[in-house]
Amino acid sequence: MKNFLNVHDVEDIHALVDGALLCKQNPRADHELGKGKTLGLIFMNPSLRTRLSTQKAGRNLGMDVMVMNFSGEGWALETEEGVIMNGDKAEHIKEAAAVIGAYCDIIGLRSFPSLKDRKSDYTDHVINEFVRYAGVPIVNLESATVHPCQSLADVLTIEETKEAGKPKVVLTWVPHPRPLPQSVGNSFAEWINRAGYEFVIANPEGYDLSGDFTGNAAVVHEPEEAYAGADYIYAKNWSSYEQYGQVLSQDEKWMVDERKMNLTNNAKFMHCLPVRRNVVVSDAVIDSENSVVIREAANREFAAQAVLKQILSHG
Ligand code: SN0
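Source: prediction; values computed, not measured.

Draft legend 1. Focus on the packing of helix H1 (residues 13-25) against helix H7 (residues 183-195). H7 packs onto H1 with a crossing angle of 100° between their chain directions and a minimal axis gap of 9 Å. By the angle between their directions, the pair H1 and H7 is classed as roughly perpendicular. Across the interface between the two elements, Ile13, His14 and Leu16 from H1 touch Trp191, Arg194 and Ala195 from H7. Taken together, the residues of the contact of H1 with H7 break down into four nonpolar, one polar and one charged.

In structure tokens:
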């Protein structure tokens, strides 16, 4: 694996999950592998789990880790070609990526979508410019379209906790006061399709995700239909893909609550965090024994470590 940008960079996701499980059993087993190598983590947007888990993963492998927040701390970046840079933006992404690449052996990058221009966001321009100009492997720490480190940790969490060989996994849209990226939902869909589980996506009309990510997954527009018999309820808000970036509904009937969880096959509750309690999910559900959100977040470390290990081992 050269870069880890999306599910298509992974030959065998179950082998990668097994690799993450090995890291979890003995996190420091490979602490010589990354010796003398530098991991740079660049954040254009806020982060808690991604920043700390990827930092920890790099250190478990013996890497030196540098972290930089670009919003507010870096120079404002120009990302368009051929611009006369006489405005607010001091540095072009071409130089920034090349310079960071000169200091690092692997770069992790987080760059959210604008949610204004769908065509531009869905080219995933910023991360692809890093791939083009940094000259070192790039790990996607959530781009405009996907969040593969999260999805790998999600599949790992399902593999660790599932009771059925082929569980029924439901991705349900949930309400949220702000417009959020589609990245976590898109990514979860393409990874769950590859994992080969039974998969249903539930969202209100107007919130269908792009078919490029959902593939052949069943899409329903009422929550109850999806919850029936589910083994996993994975909640995530996203803004509309169709009416791009807009908040079309805040309908409370979509919040994950005990009434709907009672329709499931004693389903586990999952969310990538951060989560808005009593908007996305009721306190009773997230605080219940069936909630695996903390395990899911803890698994981010081993997911990131398995990815870094593959890049370090195979180049
Ligand atoms: C991000 C998202 O893509 O939805 C990151 C998730 C890992 N989430 C948020 O930005 C939540 C912000 C909020 O106001 O709740």
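Draft legend 2. Spatial organisation of the domain arrangement of the protein chain. Under the domain assignment, the protein chain is made up of domain 1 (7-146 + 300-313) and domain 2 (150-296). The centre of domain 1, based on its C-alpha atoms, is set 25 Å off from the matching centre of domain 2. On the domain 2 side, the residues contacting the 29 residues of domain 1 number 30 residues. Buried area between domain 1 and domain 2, summed over both chains or domains, comes out near 2600 Å², and the portion from carbon and sulfur atoms is 63%.

Draft legend 3. Region of interest: unusual backbone geometry. Going from Leu273 to Pro274, the amide bond is cis rather than trans, its omega being 5°. Within the secondary structure, Pro274 sits in the loop between strand S11 (268-270) and helix H11 (283-286). Its identity is not glycine, yet Leu115 carries a phi of approximately 60°, on the positive side. Locating Leu115 in the fold gives a position in the loop between strand S5 (106-110) and helix H4 (118-121).

Draft legend 4. Fine view of the site of the ligand. Residues in contact with the ligand, as listed here, are Phe112, Glu142, His176, Arg178, Leu180, Pro181, Lys236, Cys272, Leu273 and Arg276. Measuring from an oxygen atom of the ligand, one finds a side-chain N or O atom of Glu142 at 2.6 Å. Between the ligand and the protein, one listed contact pairs an oxygen atom with a side-chain N or O atom of Arg178 at 2.6 Å. For the shell around the ligand, the per-class residue count stands at five nonpolar, one polar and four charged.

Calculation rules
- Residues numbered from 1 in each chain as written.
- Predicted model: local features only at pLDDT ≥ 70, side-chain atom pairs only at ≥ 80, totals over all residues.
- Heavy atoms only, no water.
- Axes fitted to C-alpha atoms, helices over the stretch in contact; angles between N-to-C directions.
- Helix = DSSP H or I, 4+ residues; strand = E, 2+ residues; numbered from the N terminus.
- Parallel < 35°, antiparallel > 145°, perpendicular 65-115°, else oblique.
- Contact = heavy atoms within 4.5 Å.
- Nonpolar A, V, L, I, M, F, W, Y, C, P; charged D, E, K, R; others polar.
- Domains from an automatic or database assignment.
- Buried area = accessible area lost by both parts, 1.4 Å probe.
- Near = heavy atom within 4 Å.
- Polar contact = N/O pair within 3.5 Å; in protein donor to acceptor, adjacent residues only side chain to side chain.

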